[in-house]
Protein chains: 2
Amino acid sequence: MRKNLPEKITLAHGSGGRLTRELIELLFLRNFSNPALARLEDSAEVALGRERAAFTTDSYVVSPLEFPGADIGRIAVCGTVNDLAVKGARPLAISAGFIIEEGFNALRLSKIVRSMKAAAAEAGTPIVTGDTKVVEKGHADGLFINTSGIGLIPRGVNLSCKKIKPGDAVIVSGTLGDHGIAVMNARNSLGFSSAIRSDGAPLNAMLAGVLRAAPGGVRLMRDLTRGGLATALCEISDASGLSVEIDETVVPVATATGNACRMLGLDPLYVANEGKAVIFAAAADAAGILSSLRKNKYGRKAVVAGRVVREAKPQVRLNTAIGGSRIILPLEGEQLPRIC
Amino acid sequence: MRKNLPEKITLAHGSGGRLTRELIELLFLRNFSNPALARLEDSAEVALGRERAAFTTDSYVVSPLEFPGADIGRIAVCGTVNDLAVKGARPLAISAGFIIEEGFNALRLSKIVRSMKAAAAEAGTPIVTGDTKVVEKGHADGLFINTSGIGLIPRGVNLSCKKIKPGDAVIVSGTLGDHGIAVMNARNSLGFSSAIRSDGAPLNAMLAGVLRAAPGGVRLMRDLTRGGLATALCEISDASGLSVEIDETVVPVATATGNACRMLGLDPLYVANEGKAVIFAAAADAAGILSSLRKNKYGRKAVVAGRVVREAKPQVRLNTAIGGSRIILPLEGEQLPRIC
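The residue L329 of chain B is located in the segment after β14 (325–328) in this model. Separated by 12 residues in the primary sequence, L329 of chain B and R317 of chain B have C-alpha atoms spaced 8.9 Å apart.

For the rest of this paragraph, the subject is the packing of helix α3 (residues 72–85) of chain B against helix α4 (residues 106–123) of chain B. All names here are of chain B. Contact geometry for α3 and α4: axes closest at 7 Å, N-to-C directions at 30 degrees. Relative to α4, the element α3 is oriented roughly parallel. Seen along the crossing, α3 lies across α4 with a hand that is right-handed. Two secondary-structure elements touch here, α3 through I72, G73, R74, V77, C78 and V81 and α4 through I112, S115, M116, A119, A120, E122 and A123. Looking at the contact of α3 with α4 residue by residue, the classes come out as nine nonpolar, two polar and two charged.

A complete count under the given rule lists five aromatic pairs over all chains for this structure. A ring pair is formed by F144 of chain A and F144 of chain B, whose centres lie 6.3 Å apart and whose planes are at 50 degrees; its orientation type is tilted. In this pair, F144 of chain A is assigned in strand β7 (residues 143–152) and F144 of chain B in strand β7 (residues 143–152), connecting two distinct chains. Each of the two residues, F144 of chain A as well as F144 of chain B, counts as buried.

Let's shift gears to the sheet that holds strand β1 (residues 44–48) of chain B. Whether parallel or antiparallel, the strands of a sheet pair through hydrogen bonds between backbone atoms. All names here are of chain B. Spatial ordering of the open sheet is given by β1-β2-β7-β5-β6, a layout of five strands whose pairing is mixed. Whereas interior strands pair on both sides, the edge strands pair on one side only; in this sheet they are β1 and β6 (127–135). Neighbouring strand axes in the sheet, compared pairwise and without regard to direction, differ in orientation by 20 degrees on average. Strand contacts of α3: β2 (51–60), β5 (90–101), β6 and β7, with the helix running at about 25 degrees to β7, the strand carrying the most contacts.

Relating one copy of the chain to the other requires a rotation about an axis plus a shift along that axis. Least-squares fitting of chain A to chain B yields an RMSD of 0.0 Å, with the superposition described by an axial translation of 0.0 Å and a rotation of 180 degrees. Both copies are brought into coincidence by an operation consistent with a two-fold rotation axis. Across chain A, the smallest distance between a C-alpha and the rotation axis is recorded for A140 of chain A, namely 2.1 Å. Comparing interface residues between copies, 100% of those in chain A also sit at the interface in chain B, which points to an isologous, same-surface contact.

Time to look at helix α1 (residues 18–31) of chain A. An ideal rise of 1.5 Å per residue puts 20 Å on 14 residues; α1 of chain A measures up with 19 Å between its terminal C-alpha atoms. Among all positions of α1 of chain A, only L19, T20, E22, L23, I24, L26, L27, F28 and N31 of chain A are buried. In this structure, the buried residues of α1 of chain A make contact with α2 (35–38) of chain A together with β5, α4 and β6 of chain B.

Here is what the cut-offs are and how they apply
- Residues numbered from 1 in each chain as written.
- Chains lettered and ligands numbered in written order.
- Predicted model: local features only at pLDDT ≥ 70, side-chain atom pairs only at ≥ 80, totals over all residues.
- Heavy atoms only, no water.
- Helix = DSSP H or I, 4+ residues; strand = E, 2+ residues; numbered from the N terminus.
- Axes fitted to C-alpha atoms, helices over the stretch in contact; angles between N-to-C directions.
- Parallel < 35°, antiparallel > 145°, perpendicular 65-115°, else oblique.
- Left-handed = near helix turned anticlockwise from the far one by under 90°.
- Contact = heavy atoms within 4.5 Å.
- Nonpolar A, V, L, I, M, F, W, Y, C, P; charged D, E, K, R; others polar.
- Phe/Tyr/Trp six-rings, centres within 6.5 Å; stacked < 30°, edge-to-face > 60°.
- Buried < 20%, exposed > 50% of the residue type's maximum accessible area, 1.4 Å probe, protein only.
- Pairing = 2+ DSSP bridges.
- Least-squares fit on C-alpha atoms with pLDDT ≥ 70 in both.
- Expected span 1.5 Å × (residues − 1).

Structure representation (structure tokens):
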């Protein structure tokens, strides 16, 4: 069935779930059709003379701007670094575009800029170009930041959904849902434990280590932002034509985050992260990759969370704690608006 | 005198003039210090393996979204293509980040996306990666678009303020101020002639022709956006340590735009363009460059508008029609907010 454009854009079109995908297909793929875009990966590959560049963009509209563990500046830098790193690229440079609401406190802006500086220094990736726009009071919500990034894809690195094979291991780099719950807690003053902190972190050093640990064994890496692990796995299953099976008892969720999710009726598999990745790799390389991940401070809780299987109808399945299984679908509607 | 951060961000900080420069220095250069950023050029040069990449970003907040001659989509694509092209780079890929206000009409969005498609096709530069965010009604003004771009800087091309020499010709590629006046006319229903249309255009083919016409003779190119020709020349004079002298009688201004400027008390030298460039080149190459420019539909009105001179105190000077001269200063305050 050919889908039609909706009449109006809704918050759910920005969720990162099914409706975002639908809008992208109806509007952007149809108009901007080209092979790099069509892959809909975290970053696009661009032939740049004799080299291969990775290129990515993200706008950040998170509300509030500051929350435990990070702020809009830190996640803007980390998100773009991670979109390059999951492609196997070495991040080389970041841009920063600011849209500021008139009257915004300059010291607050300065604090956010310093947070970007610290994240960029941690990632070893300079912010080399920028842009500043100011709109009248009431025409934006404080501050929006766009970051784009370019990286160098090393020779021989070709990560892709198409490389995934039945039997591959599905590795998750750490606890899920911390970022989404930390932002929601800060926004709504829910009063959950202050132990729930955003995981916003640059993963480039950790993921470069993964590639070194298993040369040729890594099929695909994906960072787990809007829509969480569940939506990422659905997209990967869809693109690879293979099923993915994950085990509820091993998927890592921090106790405080898990408790908050239960009280709010949220599934941590769908909640956004800003410092987590899923790695698809040959099963024989899983142990080496895990040991490499766990040496990095952002990968200490990494686990093999599941595996790839070939089935007549590709799907994502969760083997539950009580021995059953349920189908995982992409995020439907909008769970937590403005999470990044 | 060391300047201090203001208390609040004002519209003038987004003008592209003196206060924008001050904010960039206080906030961004101080924190993100690196050689590429410090040059504050239209795009930054990034070493990418064996190649040199140009990298640039711009956020577009123009109001209204549609105006005679162009719309936010066209200028978002053209502005980024032009920032790469003035660096002598071949634009290779563009990103598009959308921040959409909840409730925005999807057909209107679709029309703007098609306008981006047409501009990208004209520039021969694919849109390869994107991002979509939606914010609640009242938290943005319809639509903001960020475009970033990467290009390949050909071997031997090294345009820079530092290359400018006394005696160089200052070439302006066409009429000034049309974009700013077209937007202002549309925004305020001023009722000026509908002949005043935005000049939004991709200049990459035209500027590549300029480089071919004068290999080695082109010192610097700059596109003339916020702050207009006046602000660009002030920045170039400042960075090169040389004076620039331009002749009022030859600077091209369309009749309708000039009349509108007089009625509004605006100086077209300060009004924004989205399809004009200034080119600094060896005087001996000026004729060849002019003839190359005039062959392109966006350069038919190109002229040699002035020259570079060495003086004790570098400044920008306008030789007026009545035989006098006046000093040109960078744009002060905010003349026309949200022009791009």
